[in-house]
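Examination of the molecular architecture
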Amino acid sequence: MTRNILVTGGAGYIGSHTCKALALRGYQPIAFDNLRRGSRSAVKWGPLVVGDVGNKRELRQAIERHKVEAVLHFAALAYVGESVGNPAWYFRNNVASTINLLEAMAQTGLDRLVFSSTCAVYGTPAQVPISESTPTNPINPYGESKLQTERMLPWFGNAHGLNWVALRYFNAAGCDPDGEIGENHDPETHLIPLAIQAALGSGPALKILGTDYPTQDGTAVRDYVHVTDLADAHVRALDYLRDDGESGAFNLGTERGLSVREIVDEVRSVSSNELPAVESPRRAGDPALLVADAARAHHLLGWRPRHSDLATIVGTAHAWERNKVLAVTAEKQWQTYFHSIL
């Protein structure tokens, strides 16, 4: 029997990787995406429903037509700087639209939800590593919008029997090891693809934002998790809910930090190219160190990252970016040839 799972934001970076993981584990992912920031070409393992989480009628139609049994909710705006400049857009899209989804689930009898949250709910923590009991104190509207959504979930549980898991990612990174899908943000804001693009010459010089942090080399330290490991955690969370696991939040991280300079050095090594970089002032509000305590996910979900070593993260991301450059080059050569014979 096909087990259909609605994946909101299923054409996005983490959503598309999770669709692949679902398909490999016997589920049928139904990607629900408005394609404003997702890519139609990333939907490969099930049908695409072009729709908006802000439209409850479209959600209900998708749930009923595909006989969905659970929801993985990725659809959200996710740029910190953008959220500071336009908080209304973020709260409307990330919070109000999620209310539509939760109501559509209640009206159609769906009672299992895995929610894509973020370590941004913690803000600047007083201590690391960060556990789920660390006080939440977001410092930007993006993190606040995710925390507000998390706070709604128990109330829907009380009123409608919703069972839920909120997965608080640390830094998502890397690309599908098979090269079938990857990271295609526009604009790109993540360190690793920006560093690789600088090394390949397909992007500008990398800005290293802050070199005076109290860390081993003066640059910010983050906990990078391979996107394939994040995808695996979502499937495990879904199975956990199917087995009547208790609702709650889980950190997803490797429990070790990597500095910006360590990332840059690895990109230089993998690419064998110069990587032009410019040292710049710190970005306001960026903590020096963010590292997860993921013991709860280890214990209750049976999850451990298997692809999140630095070499695999950078290697898979570099392969994806290199192939994009080759594809663009081939397209330009074809266009030049085509115009030359007209």
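The following refers to the structure shown. (Residues numbered from 1 in each chain as written. Predicted model: local features only at pLDDT ≥ 70, side-chain atom pairs only at ≥ 80, totals over all residues. Heavy atoms only, no water.)

Quick notes on helix 1 (residues 13–24)
Short version of the rule: Segments assigned H or I by DSSP are reported as helices when at least four residues long, segments assigned E as strands when at least two residues long, and all are numbered from the N terminus. Helix span is expected to be 1.5 Å times the residue number reduced by one. Classification of residues uses two cut-offs on accessible area relative to the type maximum, computed with a 1.4 Å probe and protein chains only: under 20% is buried, over 50% is exposed, and between them is partly exposed. In what follows, residue pairs with any heavy atoms lying within 4.5 Å of each other are defined as contacts.
With 12 residues, helix 1 should cover 16 Å at 1.5 Å per step; its first-to-last C-alpha distance of 17 Å lies within 8% of that length. Considered for burial, the residues of helix 1 that qualify are Tyr 13, Ile 14, Gly 15, Ser 16, His 17, Thr 18, Cys 19, Lys 20, Ala 21 and Leu 22. Of the surrounding secondary structure, the elements contacted by the buried residues of helix 1 are strand 1 (3–8), strand 2 (27–33), strand 4 (70–73), strand 6 (163–169), strand 7 (171–173) and helix 7 (227–242). Just downstream of helix 1 lies Gly 26, where phi reads positive at about 90 degrees.

Re the sheet that holds strand 11 (residues 248–252)
We count it as follows: Pairing between strands is defined by DSSP: at least two bridges between the two strands are required. Note on geometry: axes are lines fitted to C-alpha atoms, helical ones only across the stretch in contact, with angles between N-to-C directions running from 0 to 180 degrees.
Here we have seven strands laid out as an open sheet, ordered 3-2-1-4-5-6-11, and parallel in their pairing. Of all the strands in the sheet, just strand 3 (48–50) and strand 11 have a single pairing partner and so form its edges. Averaged over all neighbouring strand pairs, the angle between strand axes comes to 20 degrees, with direction disregarded. Pairing analysis gives three bridges linking strand 2 to strand 3, with the strands arranged parallel. Bridge pairing in strand 3 links Phe 32 to Val 49.

Comments concerning the side chain of Glu 183
For clarity, the cut-off: Polar contact is the term for a pair of N or O atoms within 3.5 Å; when the atoms are in protein, one must be able to donate a hydrogen and the other to accept it, and sequence-neighboring residues count only if both atoms are side-chain atoms.
Counting through the fold element by element, Glu 183 comes out in the loop between strand 7 and helix 6 (191–200). Polar contacts involving the side chain of Glu 183 include one to the side chain of His 190, which spans 2.5 Å. If sequence neighbours within four positions are ignored, Glu 183 has contacts with Tyr 13, Gly 174, Cys 175, Glu 188, His 190, Pro 193, Trp 320, Glu 321 and Lys 324.

Let's talk about the layout of surface pockets
What counts, and what does not: A cavity here means a set of 1 Å grid points, computed over protein atoms only, where a 1.4 Å probe fits but cannot escape. A pocket is an open set with protein on both sides within 12 Å along at least 5 of 7 lines, and lining residues have an atom within 4 Å of a point. Grid points are joined across faces, edges and corners, and a volume is the space filled by probe spheres set on the points. Three residue categories are used. Nonpolar comprises Ala, Val, Leu, Ile, Met, Phe, Trp, Tyr, Cys and Pro, charged comprises Asp, Glu, Lys and Arg, and polar comprises the others, including Gly.
Within this model, the second largest pocket holds a volume of roughly 240 Å³. Along the wall of the second largest pocket there are 13 residues; nearest its centre are Lys 20, Ala 21, Leu 24, Thr 228 and Arg 306. Top element by residues in the lining of the second largest pocket is helix 1. It accounts for four residues. Looking at side-chain class alone, the lining of the second largest pocket contains four nonpolar, three polar and six charged residues.

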